[in-house]
Each structure stands twice: as C-alpha cells, then as structure tokens.
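# Residue-level structure breakdown
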Amino acid sequence: MGNNIFSTPAIPVENEAKEFEEAMDSISKWISEYWQHPEQFRVFPLVHPGDIKKQLPSVPPQSAEDISMILEDFNRVIVPGITHWNHPGFMAYFGTTGSLPGVLAETLIAALNVNSMLWRTSPSATELEEVVLDWIRQMLSLPKDFRGVITDTASVSTLVALAAARETLQRNIRELGLAGRSDLSPLRLYCSDQAHSSIEKAGIVLGIGQNNVVKISSNDQFQMNADECAQAIQEDKQKGYLPFAVVGTAGTTATTSVDPISALADICSRENLWLHVDAAYGGAAALLPEKRELFKGIERADSIVFNPHKWMFTQSDCSVLLVQHPDVLKQAFSLVPAYLRTDDGEATNFMDWGVQLGRRFRALKLWFIIRRYGVEGIRKMIREHCRLAQLFSSWVDSDERFERIAPTLFSVVCFRYHPKNIQDEKILERLNTELLQAINGSGEFFLSTTVLNGKFILRVAIGNARTSEYHIRRLWEFIQKSVGNIKL
Ligand SMILES: *Cc1c(COP(=O)(O)O)cnc(C)c1O
C-alpha cells in the first residue's frame, strides 16, 4: 500500500462526511422547526440598507472555518435580514409557496450536482424533465404537440420564446444579426401596457429595441384591446416595420387580468405572427377546471411560460416553457451543425433549446412535488387561495371607505383606502402610503403596491400554502384599525 497519492482527496477538511452528517441533522431540525413556524419571525425584518453588510468581513477567510461557526453566523447575521417569503403574512408581489418535498428534492439535486445539457450527461435528468413537463402539459389541458423545457425564470423563458419567434422570420438574423442591415426593416413585437417588464427586456436583449416593443392599451378591466393590436400591426406594416410576435398575458402582474387570448390567436394566425402567452403566475390557475374558460385560446399559442415557482409548491427557481415547435427553438439555439441535428425520435439534448449550456436538475423537484401532493392536492391549495381572495374582495366591497380597483380573477386583490369626501389623488396616495407603512411595519403582514390609471393602490397577493382565512381576517381587521389612526 504505502503512500498512495490518490488516497488524499483535494478537500481541505478532514472527516467531512462525519461533519456533514452532524450538520445535516441540525439543519434538518432547523428546517422542520422553521417550516412549522415561519411566523416566529417578522415577515419584513427590522433592518436598514447596509445593516447586514457591516456585520460581514469584507475580505475572505484565508483558512478554513468550522461549519458550526458558519451555521452560528447564519442564525446570528443572515436570518435576521431575511424577508420571510414563507411567512403566511407575505402577500406582496406574488405570494409564493415552496414545500418540504421541494426542500428534499433540492437537497438531492445539490448532492447529485449533475448537468443536464446533453442526454448523456445525465439520462435520468433529461428523460424525467420530458416526462414531468408532459404531466404539466396535461395538467394545463394543452394539446399533445406542446413540448417543454425548464428554465430558471419566466424572464429567460420569454427571451428564449421570442428568440425562436424571431427565427421564424427566416431572415438570417441568427447569422447576420440585426445591425447595419439595409435589407431588413425594424422588427416589431406587441404586448399590452400591463405586460411584464420581462417582455421589454427580451426586446432589449434580442436587439429588437425597446421602442419596437409596442404597448397596446388595455380596457377598464386591464385586458389588451385586441382591435387596437390588430390595427397597430396593420399600420406598422404600412410604415415598413416587420411585425413578428404578439405577447398575451394570462394573469398580469399588477391585477392578474387576462388578455383576450383567442382574439390574439386569431390575429396571429391571420398575420402569421408568433403568439407567446405569459402565464407565469396565472398558469397555476389553469389547473382548475372552473377557471379554464379564462384561458380559452391558449392552446393556439406558439409558446407559453408558466412558473411552478410562483404558485405551485415549487422552490425557486423553476420556470416552464412550453412550445408547439421545438424544432424552431433548436433552429434558434442549436450550435450543432445541421448534419448532426437529431430527429424527434432520438434523445433530447436540452442545451439545444435555449441560451444556457449548463442546466440544473430542476425536474426532480417537480417530480417530488407533483407526486407528493397529487394534482388534486395542488388544485386544492389554488382553489382555497382563490376563495380567500374572493372573501377579502367582499369585505373591501362592503366597506364604503374602500374601493376595489380591478376584478378579482384569481388570488390577488387590488384595492385602496378611499374616504368618500376625498378626490385629490395626491392625498389619496399619502393616505394609502401611511396605511401601507402601518401594515408592513407590523411585522405580521407584507404588502406591495402598484399604480393603475394614475391611482396608487395596494395589492393583497395570496399564494403561500400557509396563508389561511385566519390570516386574511386578521389583515382586514388590522387595516380597519389602522385607517382609524390615519389623519385625513
Ligand atoms: C413574475 C412574472 C414574471 C417574471 O418572472 P421571473 O420568473 O421572476 O422572471 C413574468 N411575467 C409575469 C406575468 C409574472 O407574473
């Protein structure tokens, strides 16, 4: 035997396996305890910008530190600066929900640490991804043609979809780019004024230009005016622009409104444009048969993005892009020469489906979560959240000091405090800002705001599995008490 140079791994810590077991035990206890009672913390911490940074050394440690010290500092420095998305009172932006099956899967994903760029770099990762995404296709009641790929975020899914859309123009943009081409008119892409900023960002990244992301106005229910979209396309064509895609949103970020997807699909098939549907949040609601009518026409989309990491028990990050023509994605992104391109019959290499080469094994968490709760279990939570939002809306509607600003289609309520005798928008903004400060200062709830038609409004976005009727009742009571303390 003697000195075998291979016997010492390049890990600068001895007995790491034993240390790991002990640390994992304590982490698993910490997680279970935290998971049962995230409300032991303030939802938004009592910290100011810079508070965390000043507790951290500005230079990296030169020598190894004990894991116990690191865990201690995690509790002492990091946890007090966490905004607790797991808190049942987190109703800002989109309340999201992870799950313990998700924690288990993430742990195993970290342990396996595989890269699913090619089929052969981990056959299980690729094939499981294909299978769970077909489950999701079925859960959304989409036709068989849709095939899926997992990305990190909706922003990236949309970028990838619009790159594929651009490729369908067949103007050698992949090879020649867009700049300095006298043979190519400026490209145009259409979405509503309520669309997510990721559409515009995709336009920036793809060289379309922010000004060529045309914002179509929306109606009093915040849905895109389809006629105006059709007209804008006609006018642009006359002016020499090159329209290539329309993005409809099914569940907008501000109000969760749904664009008239069927009408947009009609326009796109008439004009031969790519229809991308952004259902990053709303997609989860399409699991409910009673909500499906709202999504009518989505089956005619060329691509759809849906984020399980928003409202489907899945830890961030996990976004699903479903496309009718995976070949176009490959045309846009594959850097394998044409003579090596694989047929549908052969194994999938997901590196050909998007920007990234390296890919995490995210399919594993979807598999754990969908199996552990079942589709019915997932539906149950989404349905309950929609019920809570209706309940909260009914309270807002029945109190004349408050005003609801948008229809409550899913689990988000947009409203504001609006005492009858006050019409000045500036004053209303001040009153609602003070109300928001009281709510968020409580440590029990966390809401965010938006501006709609010049009105400053509050949003209650229910999406955490822990949020129950008890919490929204307490929130409503708190709001009623707070407005009593606000000086008009
Ligand atoms: C949240 C959201 C996005 C962005 O999602 P990321 O995954 O954070 O990029 C895009 N569109 C809509 C409608 C959203 O609600």
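Model, not experiment: these values are computed from the prediction. (Residues numbered from 1 in each chain as written. Predicted model: local features only at pLDDT ≥ 70, side-chain atom pairs only at ≥ 80, totals over all residues. Heavy atoms only, no water.)

### Focus: the site of the ligand
If you check the shell around the ligand, you find 14 residues, and the closest are Ala 154, Ser 155, Asp 278, Asn 307 and Lys 310. With respect to the ligand, the side chain of Asn 307 contributes an N or O atom lying 2.8 Å from an oxygen atom. In the environment of the ligand, an oxygen atom lies 2.8 Å from a nitrogen or oxygen atom belonging to the side chain of Lys 310. Relative to its unbound accessible area of 390 Å², the ligand is 86% covered by the protein chains. Going through the elements one at a time, helix 5 (154-167) and helix 10 (308-311) are the ones with two or more residues in the shell around the ligand. Residue classes in the shell around the ligand are distributed as four nonpolar, eight polar and two charged. (Near = heavy atom within 4 Å. Polar contact = N/O pair within 3.5 Å; in protein donor to acceptor, adjacent residues only side chain to side chain. Areas by Shrake-Rupley, 256 points an atom, 1.4 Å probe, with all protein chains shown as cover. Helix = DSSP H or I, 4+ residues; strand = E, 2+ residues; numbered from the N terminus. Nonpolar A, V, L, I, M, F, W, Y, C, P; charged D, E, K, R; others polar.)

### What about the domain arrangement of the protein chain?
Assigned domains within the protein chain: domain 1 (115-360) and domain 2 (371-483). Here the C-alpha centroids of domain 1 and domain 2 sit 30 Å apart. With 27 residues of domain 1 at the contact, the number on the domain 2 side is 26 residues. Between domain 1 and domain 2 the total buried area reaches about 2200 Å² when both faces are included, carbon and sulfur atoms providing 72% of it. By the criterion of area lost to domain 2, the three top residues of domain 1 are Phe 222, Trp 311 and Phe 313, representing 32% of everything that side buries. The interface formed by domain 1 and domain 2 includes one salt bridge. A salt bridge links Glu 290 to Arg 383; the shortest N-O distance between them is 2.7 Å. Summed over the shared surface of domain 1 and domain 2, the result is seven residue pairs in polar contact (both at pLDDT 80 or more). Among the secondary structure elements, those contributing two or more residues to the side of domain 1 that touches domain 2 are helix 4 (123-139) and helix 10. (Domains from an automatic or database assignment. Contact = heavy atoms within 4.5 Å. Buried area = accessible area lost by both parts, 1.4 Å probe. Salt bridge = Lys/Arg side-chain N within 4 Å of Asp/Glu carboxyl O.)

### Describing the pairing of strand 4 (residues 213-216)
The sheet contact formed by strand 3 (residues 187-192) and strand 4 spans four bridges and is parallel. Its bridge partner lying in strand 4, Tyr 190 is registered against Val 214. A crossover links strand 3 with its parallel partner strand 4, the connecting element being helix 7 (residues 197-205), and its sense is right-handed. (Pairing = 2+ DSSP bridges. Right-handed = clockwise from strand over helix to strand, strands pointing away.)

### Here's the deal with the sheet that holds strand 8 (residues 319-323)
Across the sheet, seven strands lie side by side as 2-8-7-6-5-3-4; this open sheet has mixed pairing. In this open sheet, the two strands that pair with only one neighbour each are strand 2 (147-151) and strand 4. Geometrically, the sheet is characterised by an average inter-axis angle of 20° between neighbouring strands, direction not taken into account. Its contacts with the sheet place helix 4 against strand 2, strand 7 (303-306) and strand 8, and it is angled at close to 110° to strand 2. (Axes fitted to C-alpha atoms, helices over the stretch in contact; angles between N-to-C directions.)

### Remarks on the packing of helix 5 against helix 7
Contact pair helix 5 / helix 7: the axes reach a minimum separation of 9 Å and the direction vectors enclose 50°. Classed by the angle they form, the pair helix 5 and helix 7 counts as oblique. Read as a crossing pair, helix 5 and helix 7 show a hand that is right-handed. Only Ser 198, Ile 199, Ala 202 and Val 205 of helix 7 make contact with helix 5, whose side of the interface consists of Ser 155, Thr 158, Leu 159 and Leu 162. (Parallel < 35°, antiparallel > 145°, perpendicular 65-115°, else oblique. Left-handed = near helix turned anticlockwise from the far one by under 90°.)

### Observations concerning the nonpolar core
One finds Ile 136, Val 246 and Leu 366 to be the most contacted residues of the largest nonpolar core, which totals 70 residues. Per element, the largest residue contribution to this core is nine residues, and it comes from helix 12 (residues 363-397). Domain assignment of the residues forming this core places at least three in each of domain 1 (115-360) and domain 2 (371-483). Discounting chain neighbours no more than four positions away, the residues touching Val 246 are Tyr 190, Met 224, Cys 229, Ile 233, Leu 264, Cys 268, Leu 273, Trp 274, Leu 275 and His 276. The next biggest cluster of nonpolar side chains, apart from the first, holds 32 residues, and it includes Ala 161, Leu 162, Val 247 and Phe 350. (Core = buried A, V, L, I, M, F, W, Y, C linked by side-chain atoms within 4.5 Å. Buried < 20%, exposed > 50% of the residue type's maximum accessible area, 1.4 Å probe, protein only.)

### A word on the pairing of strand 6 (residues 274-278)
The element strand 6 is largely enclosed, with a buried count of five among its five residues. Residues Trp 274, His 276 and Asp 278 of strand 6 are buried on one face, and the alternating residues Leu 275 and Val 277, pointing to the opposite face, are buried as well. Here strand 5 (residues 242-249) runs beside strand 6; their pairing, made up of five bridges, is parallel. From the neighbouring strand, Val 246 faces strand 6, where its bridge partner is Leu 275.

### Section: the environment of Tyr 281
Here Tyr 281 lies in the loop between strand 6 and strand 7. Considered as a pair, Tyr 281 and Lys 310 are 29 residues apart in the sequence and their alpha carbons are 6.1 Å apart. The residues touching Tyr 281, leaving out its near neighbours within four places in the chain, are Phe 94, Gly 251, Thr 256, Lys 310, Trp 311, Phe 410, Ser 411 and Val 412. Separated by 2.7 Å, the side chains of Tyr 281 and Ser 411 make a polar contact.

### Some words on the packing of helix 8 (residues 226-238) against helix 9 (residues 261-271)
Viewed as axis vectors pointing N to C, helix 8 and helix 9 meet at an angle of 20°, and their least axial separation amounts to 9 Å. Compared by their axis directions, helix 8 and helix 9 come out roughly parallel. Between helix 8 and helix 9 lies a crossing of right-handed hand. In this structure, helix 8 uses Ala 226, Cys 229, Ala 230, Ile 233, Gln 234 and Lys 237 to contact helix 9, whose residues at the interface are Ala 263, Leu 264, Ile 267, Arg 270 and Glu 271.

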